[in-house]
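Descriptive analysis of the structure
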Amino acid sequence: MKHLICFLALFLISGVGSFDLVIDEIPDEVENLIDLEIDGFPSNPKTRNGRYQRSTSDWGYVGDLVEDDDKIGLYSYKVQSTITSRLANTMIQAKMVNNAKRPQHIVFDVQVPKGAFIDNFTMDVNGITFTSQIREKSEARKMYAQAKAKGKAAGIVRSNALDMENFKTEVNVPPGTRIQFELHYHEMIRRKLSSYEHIVSVKPGRLAKHMEVDVRIIEPQGLRYVHVPNSLGDHFDGITTISKGEKKAHVSFKPTMAQQRKCPTCSSTAVDGNFVVQYDVNRETTGGELEIFNGYFIHFFAPENLDPLPKNILFVIDVSGSMWGLKMKQTIEAMKAILSELRAADQFSLIDFNHNVRCWRDNLVSATPSQVEEAKKYIQAIHPNGGTNINEALLRATFILNEAQNLGMLDPNSVSMIVLVSDGDPTVGELKLTTIQKNVKQSIKDEFSLFCLGIGFDVDYDFLQRIATDNRGMAQRIFGNQETSAQMKNFYNQVSTPLLKKIQFNYPQESVSDVTQSSFHNYFGGSEIVVAGKVDTENLQHLESIVTATAANAELVMETLRDVEELDGFMKKDRYADPEFTRKLWAYLTVNQMLAERNTAPTAALKRNITKSILQMSLDHHIVTPFTAMLIENAEKDEIMLADQPKDPRRGCCPGTLGLTPNAPNNNKGIPPWANTTAVPVSFMPEQRSPPVSSLSINRVDNDPHFIIHLPKSQRNICFNINSEPGKILNLVSDPGTGVVVNGQIVGAKRTENKKLNTYFGKIGFYFKKKGLKVEITTETITLKDGSYSITLTWADTGHIIRKQMLISVKRENNVTITVGEEMSFMVLLHRVWKHHPVNVDFLGIYIPPENQFSPEAHGLIGQFASEPEVSIHHQSPGQPPEKPQAIMEVKGNKLTVTRGLQKDYRTDRVAGTEVQCWFVHNSGKGFIDGHYRDYLVPHLYSFLKKP
């Protein structure tokens, strides 16, 4: 169907508008990818045999649709979930119509929970149906590439994982087109804090003539309760209905079009959020519930009414500079509440770390009221600053626990754990993540658990997951906002009540096979352990399980016996129950277990074997995993789309693919190597030429504009300040040869301080003349302009945009990088201050690597140093103060008195910065720069510098 032009994407989102073409990294075949554009814009839709296809399906009457200005009507929006013994099958369906008199894009944009397996997607356009199949990833990409080479590939789907993923389909269709989208996925609902919580995203984006969310629950154990919190807001009070029986429940949400409106006269919808259903089941036996059906068994284990085990807990808290502000305030609030919940039998201590590691107590202490109060005072006095030494902090924590165990200070029935709270990657000490993981694993020796809380998007969450999983724990990402404290307490509550340890599940070996993980370190109150496997129901009448565990006062042995046909009658009577629920749950657990094992595999050979097993499971069970992709085709197989799931965004993606990832948490995708700094110790010795490391080998302008020029040949850093007036625009780079301009506009502080008005860059403009592209970066927005076309992101976004082979990568509330092929790249760093600060304002810093391939014509305050001048520094003498020696610098025929000092590189730590040695040139760089700084003033943000 050649009249369809589709751009499909599966990606993480946290609140951003539409994008143009966006990628995870610069693909190897970037030129091929840009073929999806014609002159930088999407191609026009085509017809089949010169005529548009008309619908062969019957939707009934489609009048009375409320349309936005785009004349797109949403006929119906349905979300249907059926939960069978914790296995939730969800279908999201949208029927839309283009009532405009011109072709335009229709978008299907839904959120899918992280960890869910997408197993089907269909699309019907005027009766032409696209269906899906699962293939091995390289095979699917090959088929897609072959179709694309023939002009028959319509688009591509990509995925990025965080806490939610977005599946977005955008189809360009002719007038009058009716289109139906339908997405299917399934997941296992895990029990947390004594409740199962099923969350479905309901964000139709516009008023729907027919709106429905329908959730059916079938639980053979029996339902204890069903609750639907008012997660969509008070606007929808009283609309949800709940029908609950002994083992079944039905939840329905069907707002009329009038009820959907934000206000009686509004044309926009108030339905925008998550629909949440909470429930729990009855538990009659301590040994758990065995459910057997269709050749598989599922063992649900969640004993209650047990005394908690005493715990030995070490809180390891990141207090580096990046934790400054709200994150630290919320962390302190949460920790004080958590300390109050420690039990008298618990032992604890605190470790806080930045570039150094400090212990509140060098050993574990009992959680007496006086010790808890002392710990709270210590927490309250923390002031974040400096770098991040995760390796030493974790090793110190493991040393305390190991020493306490060796000295016999731990109750044999107690549970020991470390809780790490951090918001960033290591910047001090051991920096290699695999080495840190190995060090911690060797130190813990499988004796206790490590739980990790990653705050915000800067943290390498994949690393936290690996190191936690490798040490019998789990990780969770929380967001650095007003709810950080509540999220931290919620996480702690999940692990605060250990009820059992050393849990082992046993089944008759001659009757079962392919059993998932059956040995567990701990069981925490309010959670649930699930084990699954295959069972020979043909030759077995009953299945017996024996669970052994250590409780607070005893060693437990719990037996369960179930008839293998016990569920048959119940399942056959219920038309909504999924007859494949046991098989799907077994596959879900098995694949996730293998993925975790692959992450911690000690050898490449073992990792390859696990990968093969995951691939086979994915193909057998028709699910999209990191090693499979979904091909979407029409019946004639002459239109193909591809849906695949890339690696974690922190690790980049796969070359040769195109996707869409606005709002993916950052990661360093699309960021060149020079943008990742390594802290270097500073010494106030007579001149030592700067080592060629990434933290120094860069030209930058930051703070009150402080210029640092790195001279690669002589390995020196030369600094100077520019004191200009607010509103003035300074040229940084003006290169007629490459057609590149970089200018910065000055902004002033709110008032003078010590009779001086500090000034900064408040706006930076980039002009790429040969591409016709302009980029304007302010402290609020990032805007790409291409003639009359423009696209704007805010600093609240994380995303990537490609246009005409230029990549813009936005890291939320942190930085923007612009990469132009392999020729040049730029980073702009955001500095936020308290909005009510009496003096300071938000401002920008710019970092330009000297490797950028400017032409010999390049000039500007930074551009002139693309051709490095000869510099000689001699006659060094002590300065006032002594740690700032003076010297004579000869450059460009001038002899200048320069001072040895420090400036700041803020790429690693935007609050405190990393100190960088440099020789400081006084009088606004006079003698080092050509002419006077006023010669670099330009009239407009995109003006080239006029040479005298």
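Residues numbered from 1 in each chain as written. Predicted model: local features only at pLDDT ≥ 70, side-chain atom pairs only at ≥ 80, totals over all residues. Heavy atoms only, no water.

Thoughts on the overall build of the protein
Here is the rule we go by: Elements are defined by DSSP. Helices are runs of H or I of four residues or more, strands are runs of E of two residues or more, and each kind is numbered from the N terminus. Throughout, exposure labels follow a simple rule: accessible area from a 1.4 Å probe, protein chains only, divided by the maximum for the residue type, with under 20% read as buried, over 50% as exposed, and the rest as partly exposed. The contact criterion used throughout is that any non-hydrogen atoms of two residues lie within 4.5 Å.
A count of helical and extended segments in the protein gives 13 helices and 53 strands. Relative to its full complement of 948 residues, the protein shows a buried share of 58%. In the protein, of all internal contacts separated by at least 6 residues, the share reaching a separation of at least 24 is 69%.

Structural notes on the sheet that holds strand β28 (residues 498–506)
Which entries qualify depends on this criterion: For two strands to pair, DSSP has to find at least two bridges joining them. Note on geometry: axes are lines fitted to C-alpha atoms, helical ones only across the stretch in contact, with angles between N-to-C directions running from 0 to 180 degrees.
Pairing within the open sheet is antiparallel, and its four strands lie in the order β30-β28-β32-β33. With partners counted over all chains shown, the strands left at the sheet margins are β30 (519–524) and β33 (555–563), one partner each. Averaged over all neighbouring strand pairs, the angle between strand axes comes to 30 degrees, with direction disregarded. As judged from the four bridges shared by β28 and strand β32 (residues 542–550), these two strands associate in the antiparallel manner. Residue pairing in the sheet places Lys-501 in a bridge with Thr-550 of β32.

What to know about the confidence of the model for the protein
Test applied: The score called pLDDT rates the predictor's confidence residue by residue, from a low of 0 to a high of 100.
Per-chain confidence: the protein averages 82 in pLDDT, with 84% of residues scoring 70 or above. Every residue in residues 1–57 is under pLDDT 50, and counting partners more than four places away or in other chains gives 198 contacts.

Here we look at helix α4 (residues 326–340)
We apply this condition: Given the number of residues in a helix, its expected span is that number minus one, multiplied by 1.5 Å.
Between its first and last C-alpha, α4 extends 21 Å over 15 residues, near the 21 Å set by a 1.5 Å rise per residue. Buried-residue contacts for α4 involve β21 (311–318), β22 (347–353), α5 (369–380), β25 (415–422), β26 (449–455) and α9 (484–495).

A few points about the state of the cysteines
Where we set the bar: Note on terminology: disulfide denotes any pair of cysteine sulfur atoms within 2.5 Å.
Counting across every chain of the model gives two disulfides. Covalent S-S linkage joins Cys-263 and Cys-266, the inter-sulfur distance amounting to 1.8 Å. Between Cys-263 and Cys-266 the sulfur-sulfur dihedral comes to about 95 degrees; the bridge is accordingly right-handed. Here Cys-719 is linked by a disulfide to Cys-918, with a sulfur-sulfur distance of 1.9 Å. Every disulfide takes its handedness from the sign of the S-S torsion; for Cys-719 and Cys-918 that torsion is -130 degrees, giving left-handed.

Concerning the nonpolar core
Cut-off, in case you're wondering: Think of a nonpolar core as a cluster: buried Ala, Val, Leu, Ile, Met, Phe, Trp, Tyr and Cys residues, connected wherever their side-chain atoms sit within 4.5 Å.
Phe-766, Ile-818 and Phe-928 are the most contacted members of the largest nonpolar core, which totals 60 residues. Each residue touching Phe-928, except ones within four places of it in the same chain, is listed here: Ile-709, Ile-718, Phe-720, Gln-864, Phe-865, Met-889, Val-891, Lys-892, Leu-896 and Val-921. Core analysis: the next-biggest nonpolar cluster, separate from the first, contains 56 residues, Ile-128, Val-226, Val-228 and Leu-232 among them.

Examining unusual backbone geometry
We note that Asp-514 has phi near 50 degrees; this positive angle belongs to a residue other than glycine. Structurally, Asp-514 can be placed in the loop between β29 (512–513) and β30. Residues other than glycine seldom take positive phi values, yet Asn-754 does so here, at roughly 55 degrees. Checked against the element boundaries, Asn-754 lands in the loop between β40 (740–748) and β41 (759–768).

Structural notes on the environment of Gly-860
Examined against the element boundaries, Gly-860 turns out to sit in the loop between β49 (843–848) and β50 (871–877). A relative accessible area of 0% means that Gly-860 is categorised as buried. Along the chain, Gly-860 and Lys-946 lie 86 residues apart, while their C-alpha atoms are 9.8 Å from each other. When near neighbours in sequence (up to four residues on either side) are disregarded, Gly-860 contacts Asn-731, Leu-732, Val-733, Tyr-936 and Leu-945.

Remarks on the sheet that holds β29
Pairing within the open sheet is antiparallel, and its four strands lie in the order β19-β20-β31-β29. Unpaired on one side and paired on the other, β19 (289–293) and β29 mark the two borders of the sheet. As paired elements, β19 and strand β20 (residues 296–301) share five bridges and run antiparallel to each other. Its bridge partner lying in β20, Ile-292 is registered against Phe-297.

Description of the pairing of strand β13 (residues 195–202)
Taken across its eight residues, β13 has six buried, putting it largely inside the fold. Relative to β13, strand β12 (residues 191–192) is paired through two bridges, and the arrangement is antiparallel. Across the sheet, the residue bridging to Lys-192 is Ser-195, located in β13. Where β12 folds back on β13, the antiparallel hairpin that results is connected by two residues, among which Leu-193 adopts a positive phi of roughly 50 degrees. The pairing of β13 with strand β18 (residues 273–281) spans seven bridges and is antiparallel. Paired with Glu-197 across the strands is Gln-278, a residue of β18.

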